[in-house]
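Residues per chain, in single letters:
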Amino acid sequence: MALSVPVVPGVITAPERTLPMLPVFAELFTTVQRGTVAACSGVAAGSLALALAAGPAQEGSWVAVAGWPALGLAAAAELGVPLDRLVAVPYPRQVTDEVLAAMIDGFDVVVLGPDIRLRSASVRRVQARAQARGVLLVVVDTGRGADRSLSADLQLTAESTWSGLGEGYGVAQARRLDVQLSGRRVPRRRRSTLWLPDAHGVLRHDQPVPVPVSPDGARPGITAVA
Amino acid sequence: MSLVATRLAVLWLPHWSVAAAGCRHDEAMVVLHGNRVVACSRSATEQGVAVGMRRRQAQSRCPSAQIVDHDPGRDARQFEAVLSVVTAYAPRLEVVEPGLLTFAARGPARYFGGEQAMAARIHAAVTEHLGGRSAAAGGCGLGLADGRFAALLAARRAVADGHPLIVVPGHQTTIDFLAPMPVSTLQHGGVPGDVVALFPQLGIRRLGELAALPPTHLLARFGDAGAHAHALASGNGDRPPNAHDPPPGYTVRHLFDEPVAHVDTVVFAARRLVNDMVAGLADEGRMCTRLLVTAETEHGERSEREWYRPTGFSVAAMVERIRWQMDAWVSHLDPGEAATAGITLLRLEPTEVRSDGGVQLGLWGGRSQADDWAQRAVARLVSLSEGDCAQVFVPAGAGGRQPSDAYSWTSAATADLTDAQERLADIAGPWPGQLPRPSPAVVPARPVAIEVHDAAGHCVAVSGRGVVSAPPSSVTISGRRRRVERWAGPWPIDERWWDSARARRSARFQVLTDDGALFLVAVERQQWLLLAEYA
């Protein structure tokens, strides 16, 4: 590995300043800066957090999950997280400041689960450490007492619409998420419509279909029918 | 290549996992690992169950069979008692895996008046120790021959014969013994399976036919594996190719400042030692194939065990064996030699090494530098939780119909982090009744009790035939009532009906509430449960 760049703690070399994201987030961001704190909230917070972690993980980074005993591993795999690069300290009681520090030092992506509570002093330390070490910190906030005092650089909130489910028939097949992106590093709120997943099990974003417009303003191929 | 082969004895208990699980002689028992049979009792074998079958197939052949999960730790702990029986006759043993051990036959044979007498004594002692379990586990095979491979095949044949099998010393008799064996037996000698599978396609079916070929041709065509196969088939391959005694200086030891009574702490220290040793060997392009593990207590008791693995030990494999040895020693399975005080010394000595084919770090995918860093980080996390072990977890495949069953968590302290294929492979298998994708992202470890009411405020019930009393109109989860917008179900599921203790009969529903959240709920014995949330 003569080609690899030696990494001095606290110093991040230029080509490694960003982490790749899944193509499904293309309308929001294609990469994120290392040291970013991304918080996910709303009804799809868990899936969004896993999808955020999946991007770097697919490129070889490891993901550490702290304080999320109810993490659905099958869902993580479906959202693209390679399970061979996932490590967890699931029980929130055991996630001490020391454990969090070790996670931030050792892994590229650290997911803080919904059940974790941090003291305000720890919050600042964790955030500073994540920035210094260039770690993507993903916070899952399901509104059940998760810590909101981490000031998020990226805040993703989603409303979801399920399809495939009827009144006593069918089965949930596809979920459309209307994601709103805000946060400290986002000057203007952005929106995107994601399928997580669509009816074929694929993760994709809704591309606004460009409608070809002819010079005279009329849409081709459409004629008025009396 | 004519080596003076050592006289070796191999003791093989073919379905050891069954005996370790406590199966009595005429019980039908099947041990499963990842939905496949890894061992089955004699009674199950007689009803048509074979190793490698799927769970469903095994159950259709033998519905009364008791199903037990594979637990290598239990196998190893129970095997320690067998080891102490054999140690009374042959002090220096080498354990290949639980159920398979090797020892040098010359000394004990002289002491007990010949190989026949010695083999008969050991066979009788082991059979007596196992009692009814011996028959259930398919008997006990003891084979003596020149060299490890011939002795192993002799032991395998001895199982069928029911008495020890001794191959008369001498190169020619060994060759004559090996010649009619099928080439598939080479796998037991550590030849890669893909190479072994090629031989029958080339018209080579017996070891004798393989031995008749010029060794240089096999080396040219199949490389090291071919040369090794030829050496085994012609009775020369006592050691894997390139194996040799290690130069001194690789022995590593750890003195505990205070005597340690907790196995996990010893294993953690062992992991660091193993890392040092493997790194030292790797720097010279070697890997360990035989390892001597010695531990001493404050009271001067010793546990010494030699472990052998023809393909070489990885860090995880060594740590696992040290854990087996310590577990059995500390848990007083053998009152004569059990540890009565804390452990003060742990010493690891590689007694045989071979040159390592090497691992090329991947340029695209595969093993990378990040994996090495992550492993160090995991080791650090584990060290933080020392004393309160098993709080750092990695996923492992389990397989099942419910969302909580597909994967489980396993302790990162003992898992193999570099090669996760084995631990994640087991979820495949069709699981009829499993809900289609997408899977829920939030799956509580234990289902949460909830309430589901219909429009009239009555509790919704599902009849035995799967008829819903009324459409659900609200769910109450941890005190919060939500209106149901859409729902689907019931999907009845009837699991493990053959096992009254673990049987589960429930009907599952998907429920979409007015705030956009989708839940997977189930009713089981008239109690509604929240299984998962598609958060």
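Model, not experiment: these values are computed from the prediction.

> Could you give me a rundown of the nonpolar core, with the residues and numbers involved?
Residues and elements named next belong to chain B. Val82, Val86, Phe103, Val126, Met326, Leu346 and Leu348 are the most contacted members of the largest nonpolar core, which has 61 residues in total. No other element matches the 9 residues that helix H14 (residues 263-283) contributes to this core. Not counting residues within four places of it along the chain, the set of residues in contact with Met326 comprises Val263, Val266, Val293, Ala295, Ile343 and Leu346.

> Just give me the short version of the pairing of strand E4 (residues 63-66) of chain A, but keep the residues and values in it.
Residue and element names in this part refer to chain A. On E4, burial covers both faces: Val63 and Val65 on one face and Ala64 and Ala66 on the other are all buried. After leaving E4, the chain enters helix H2 (residues 73-78) and then returns to the sheet as strand E5 (residues 86-89), a path that is right-handed. Bridge count for E4 against strand E6 (residues 109-112) is 4 bridges, and the pairing is parallel. What sits directly across from Ala66, in E6, is Leu112.

> Help me get a handle on the interface of chain A and chain B, residues and values and all.
Opposite the 50 residues of chain A that make contact, chain B presents 48 residues. The largest per-residue losses of area from chain A upon contact with chain B belong to Trp62, Trp162 and Leu165 of chain A, which jointly make up 15% of the total buried on that side. Scanning the region where chain A abuts chain B turns up 1 salt bridge. For the salt bridge of Glu78 of chain A with Arg437 of chain B, the shortest nitrogen-to-oxygen distance reads 3.5 Å. At the junction of chain A and chain B, the tally comes to 12 residue pairs in polar contact (both at pLDDT 80 or more). If you list the elements that add at least two residues to the side of chain A that touches chain B, you get helix H1 (45-58), H2, E5, helix H3 (97-106), strand E8 (154-165) and strand E9 (170-182) of chain A.

> Explain the pattern of salt bridges residue by residue, including any values.
In total, this model carries 29 salt bridges over all chains according to the counting rule given. Across the salt bridge formed by Asp105 of chain A and Arg129 of chain A, the nearest N and O atoms sit 2.9 Å from each other. Of this pair, Asp105 of chain A sits in helix H3 while Arg129 of chain A sits in helix H4 (residues 120-133), and the two are 24 residues apart along the sequence. Judged by its relative accessible area of 37%, Asp105 of chain A is partly exposed. Take Arg129 of chain A: its relative accessible area is 32%, and that puts it in the partly exposed class. Each of the salt bridges in this network shares a partner with another, and the network as a whole consists of Glu94, Arg148, Arg290, Glu306 and Glu352 of chain B.

> Before we move on, can you summarise the packing of helix H4 (residues 72-87) of chain B against helix H15 (residues 315-330) of chain B with the specific residues and values?
Residues and elements named next belong to chain B. Relative to each other, H4 and H15 sit at 50°, their axes nearing to 8 Å. By the angle class used here, H4 and H15 are oblique. H4 and H15 meet at a crossing whose hand is right-handed. Every residue of H15 that contacts H4 at Pro72, Gly73, Ala76, Arg77 and Glu80 is listed here: Glu320, Trp324, Asp327 and Ala328. Residues belonging to the contact of H4 with H15 are distributed by class as follows: 4 nonpolar, 1 polar and 4 charged.

> Break down the packing of H4 of chain B against helix H6 (residues 115-130) of chain B for me, citing the residues and quoting the values.
The relative placement of two packed helices is expressed as an angle between their axes plus a distance between the axes. Residue and element names in this part refer to chain B. Direction vectors running N to C along H4 and H6 enclose 145°, while the axes themselves pass 10 Å from each other. Judged by the twist between their axes, the crossing of H4 over H6 is right-handed. Contacts from Ala81, Val82, Val85 and Val86 in H4 reach Ile122, Ala125, Val126, His129 and Leu130 in H6. Taken together, the residues of the contact of H4 with H6 break down into 8 nonpolar, 1 polar and no charged.

> Would you mind going over the confidence of the model for chain A in detail, with residue names and values included?
Residues and elements named next belong to chain A. Summing up the model confidence of chain A, the mean pLDDT is 81 and the portion of residues at 70 or higher is 80%. For the stretch residues 1-14, pLDDT sits under 50, and the model shows 15 contacts to residues farther than four places along the chain or on other chains. Across residues 217-224, where pLDDT falls below 50, the model places 3 contacts with residues more than four positions away in sequence or in other chains.

> Provide a residue-level description of the pairing of strand E16 (residues 448-454) of chain B, including the pertinent values.
Residue and element names in this part refer to chain B. As judged from the 3 bridges shared by E16 and strand E21 (residues 527-533), these two strands associate in the antiparallel manner. Counted as the bridge partner of Val448 is Leu530 from E21. Alignment of E16 against strand E17 (residues 472-477), held across 4 bridges, turns out to be antiparallel. In the sheet register, Val452 faces E17, and the bridge partner there is Val475.

> Summarise unusual backbone geometry; cite the residues concerned and give the values.
Residue and element names in this part refer to chain B. Along the chain, Arg437 connects to Pro438 via a cis peptide bond; the corresponding omega equals -5°. With respect to the helices and strands, the residue Pro438 is situated in the loop between helix H17 (421-424) and E16. A cis amide bond links Gly489 to the next residue, Pro490, at an omega of -5°. The topology assignment puts Pro490 in strand E18 (residues 480-495). Not every positive phi belongs to a glycine, and Ser478 is a case in point at roughly 40°. Here Ser478 shows up in the loop between E17 and E18.

Conventions adopted
- Residues numbered from 1 in each chain as written.
- Chains lettered and ligands numbered in written order.
- Predicted model: local features only at pLDDT ≥ 70, side-chain atom pairs only at ≥ 80, totals over all residues.
- Heavy atoms only, no water.
- Core = buried A, V, L, I, M, F, W, Y, C linked by side-chain atoms within 4.5 Å.
- Buried < 20%, exposed > 50% of the residue type's maximum accessible area, 1.4 Å probe, protein only.
- Helix = DSSP H or I, 4+ residues; strand = E, 2+ residues; numbered from the N terminus.
- Contact = heavy atoms within 4.5 Å.
- Right-handed = clockwise from strand over helix to strand, strands pointing away.
- Pairing = 2+ DSSP bridges.
- Buried area = accessible area lost by both parts, 1.4 Å probe.
- Salt bridge = Lys/Arg side-chain N within 4 Å of Asp/Glu carboxyl O.
- Polar contact = N/O pair within 3.5 Å; in protein donor to acceptor, adjacent residues only side chain to side chain.
- Axes fitted to C-alpha atoms, helices over the stretch in contact; angles between N-to-C directions.
- Parallel < 35°, antiparallel > 145°, perpendicular 65-115°, else oblique.
- Left-handed = near helix turned anticlockwise from the far one by under 90°.
- Nonpolar A, V, L, I, M, F, W, Y, C, P; charged D, E, K, R; others polar.
- pLDDT = per-residue confidence, 0-100.

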